[in-house]
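Each chain, letter by letter, is given below.
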Amino acid sequence: MRIRLVTKLIGLSLIGTVTVGVAAGSIFLALNRVEAVYGEVALQIQPAHQAATALNAALYRMSAAARGYVIDPSADVRAHFADAYGDVAAHIAEIRAHTDDPVVLQHVAEAQDLAGTYAEAMQKMMDLRDDGLVSQATTVLKNEVIPVNEKIIAATGQAAARLQLLAEEATLEAQRQAASARLIGAAVTSLGVALALAIGIPVARSLANPVRQLSQVALQVAAGDLTVAELPVRGGDEVADL
């Protein structure tokens with residue numbers, strides 16, 4: 001079977017191309033996983049964590065409004081409470097929209113249930129204060145409003161802590177995937193180089209040795225020595241034809 005010189009060269013080129021392609025493909029797949037993990041952090045966990053932080057801030061605003069209403073039962077303080085309560089509902093919805101973690105959703109559901117209880121206690125306290133019953137309003141504030149508010153803050157704090165943990169775990173996973181991409185790329189590239197050397201060196205020798213022998217004979221003939229021995233012919237490419 002005649003293996004032409006161009007066929008050998010194409011074979012060497014294909015080996016190099018396949019090696020580079022496999023290495024690039026392995027790295028591409030690993031980096032896609034890294035991108036997916038970081039996307040999870042950026043598009044889901046991080047917004048949910050930000051919403052949980054904002055939720056705690058709204059809860060503290062509600063608490064401040066509740067305490068302030070006992071001292072100043074004005075429409076402005078009542079409006080501040082209503083705004084904060086609306087923000088609580090909005091932030092809870094935002095957390096639900098960005099995570100499906102059952103632990104987080106459990107804490108959020110608990111906070112939402114408590115928020116309803118809190119609103120009822122707050123309304124009771126406001127009604128008493130509006131009627132001029134400051135002492136009774138203060139008692140409701142102390143025994144009903146503030147304890148429920150603290151429970152809500154505890155529940156949302158646990159949700160925020162869980163989201164922070166999820167973000168850290170996702171970041172570590174992305175780092176592991178990045179390290180894996182580097183290792184896979186190095187391993188595949190090393191294997192490809194070894195394979196290319198194992199195949200390329202013999203092929204290169206099969207090309208170089210006959211050419212070197214031809215060069216020596218040509219130099220002898222050019223010097224006038226026509227007694228050169230016949231060269232052994234191996235293979236069936238263009239060099240063998242020469």
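Quick look at the structure, then.

Turning our attention to the overall build of the protein. Each helix and strand in the protein was counted, giving five helices and zero strands. Element order for the protein, N to C, with α for helix and β for strand: α-α-α-α-α. Taking all 242 residues of the protein together, the buried fraction comes to 32%. Considering only residue pairs separated by 6 or more positions, the protein has 78% of its internal contacts joining residues 24 or more positions apart. For the protein, the computed accessible surface area is about 14200 Å², with 63% contributed by carbon and sulfur atoms.

This paragraph deals with empty space enclosed by the protein. Under the criterion given, the structure shown has one cavity of 30 Å³ or more. As a volume, the largest cavity reaches approximately 30 Å³. Lining the largest cavity we find Ala52, Leu55, Ile95, His107, Val108, Ala111, Ala155, Thr156 and Ala159. Looking at the lining of the largest cavity residue by residue, the class counts come to seven nonpolar, two polar and no charged.

Owing to its 3.6 residues per turn, the α-helix brings residues three or four apart onto one side. Taking 1.5 Å as the rise per residue, helix 3 (residues 102-130) with 29 residues should run 42 Å; its terminal C-alpha atoms sit 42 Å apart, in good agreement. The backbone nitrogen of Val103 has a side-chain oxygen 3.3 Å away, supplied by the residue at the start of helix 3, namely Asp101. In the segment just after helix 3, Gly132 is the residue with positive phi, at about 85°.

The next subject is the packing of helix 2 (residues 75-98) against helix 3. Where helix 2 contacts helix 3, the axes come no closer than 10 Å and their chain directions differ by 170°. The angle between the axes of helix 2 and helix 3 places the two elements in the roughly antiparallel class. Partitioned by chemical class, the residues of the contact of helix 2 with helix 3 number 13 nonpolar, three polar and three charged.

Further remarks concern the pattern of salt bridges. Under the defined criterion, the tally for this structure stands at four salt bridges. With a closest N to O distance of 3.1 Å, Lys124 and Glu144 form a salt bridge. On the criterion of sequence distance, the pair formed by Lys124 in helix 3 and Glu144 in helix 4 (residues 134-222) is long-range, its members being 20 residues apart.

Evaluated as defined, the whole model comprises two aromatic pairs. Ring centres of Phe81 and Tyr85 lie 6.2 Å apart, and the angle between their planes is 20°; on these two criteria the pair is classed as stacked. In this pair, Phe81 and Tyr85 are both assigned in helix 2, four residues apart and thus about one turn of the helix distant. A residue is classified by how much of its surface remains accessible, and Phe81, at 9% relative accessible area, is buried. Here Tyr85 falls in the partly exposed class, since its relative accessible area comes to 29%. Measuring from ring centre to ring centre gives 6.1 Å for Phe81 and Tyr118, while their planes differ by 25°; the resulting arrangement is stacked. Of this pair, Phe81 sits in helix 2 while Tyr118 sits in helix 3; the two residues are 37 residues apart in sequence, bridging distant segments of the chain. Owing to a relative accessible area of 0%, Tyr118 belongs among the buried residues under this scheme. Here the aromatic residues Phe81, Tyr85 and Tyr118 are joined through ring pairs into a cluster of three or more.

The next point concerns the nonpolar core. Within soluble globular proteins, side chains that are nonpolar tend to cluster in buried spots. The biggest cluster of nonpolar side chains holds 44 residues, and the ones touching the most others in it are Tyr118, Met122, Met125, Val145 and Ile152. Among the secondary structure elements, those contributing two or more residues to this core are helix 1 (5-71), helix 2, helix 3 and helix 4. For this core, the leading source of residues is helix 4, giving 15 residues. If sequence neighbours within four positions are ignored, Val145 has contacts with Ala66, Tyr118, Ala121, Met122, Met125 and Val140.

This part covers the side chain of Asn56. With respect to the helices, strands and loops of the structure, Asn56 is situated in helix 1. Among all residues touching Asn56, those that are not within four sequence positions of it are Ile153, Thr156 and Gly157.

Basis of the calculations
Residues numbered from 1 in each chain as written. Predicted model: local features only at pLDDT ≥ 70, side-chain atom pairs only at ≥ 80, totals over all residues. Heavy atoms only, no water. Helix = DSSP H or I, 4+ residues; strand = E, 2+ residues; numbered from the N terminus. Buried < 20%, exposed > 50% of the residue type's maximum accessible area, 1.4 Å probe, protein only. Contact = heavy atoms within 4.5 Å. Areas by Shrake-Rupley, 256 points an atom, 1.4 Å probe, with all protein chains shown as cover. 1 Å grid on protein atoms, 1.4 Å probe; cavity = no way out; pocket = protein on both sides within 12 Å on 5 of 7 lines; lining within 4 Å. Points joined across faces, edges and corners; volume = space filled by probe spheres on them. Nonpolar A, V, L, I, M, F, W, Y, C, P; charged D, E, K, R; others polar. Expected span 1.5 Å × (residues − 1). Polar contact = N/O pair within 3.5 Å; in protein donor to acceptor, adjacent residues only side chain to side chain. Axes fitted to C-alpha atoms, helices over the stretch in contact; angles between N-to-C directions. Parallel < 35°, antiparallel > 145°, perpendicular 65-115°, else oblique. Salt bridge = Lys/Arg side-chain N within 4 Å of Asp/Glu carboxyl O. Phe/Tyr/Trp six-rings, centres within 6.5 Å; stacked < 30°, edge-to-face > 60°. Core = buried A, V, L, I, M, F, W, Y, C linked by side-chain atoms within 4.5 Å.

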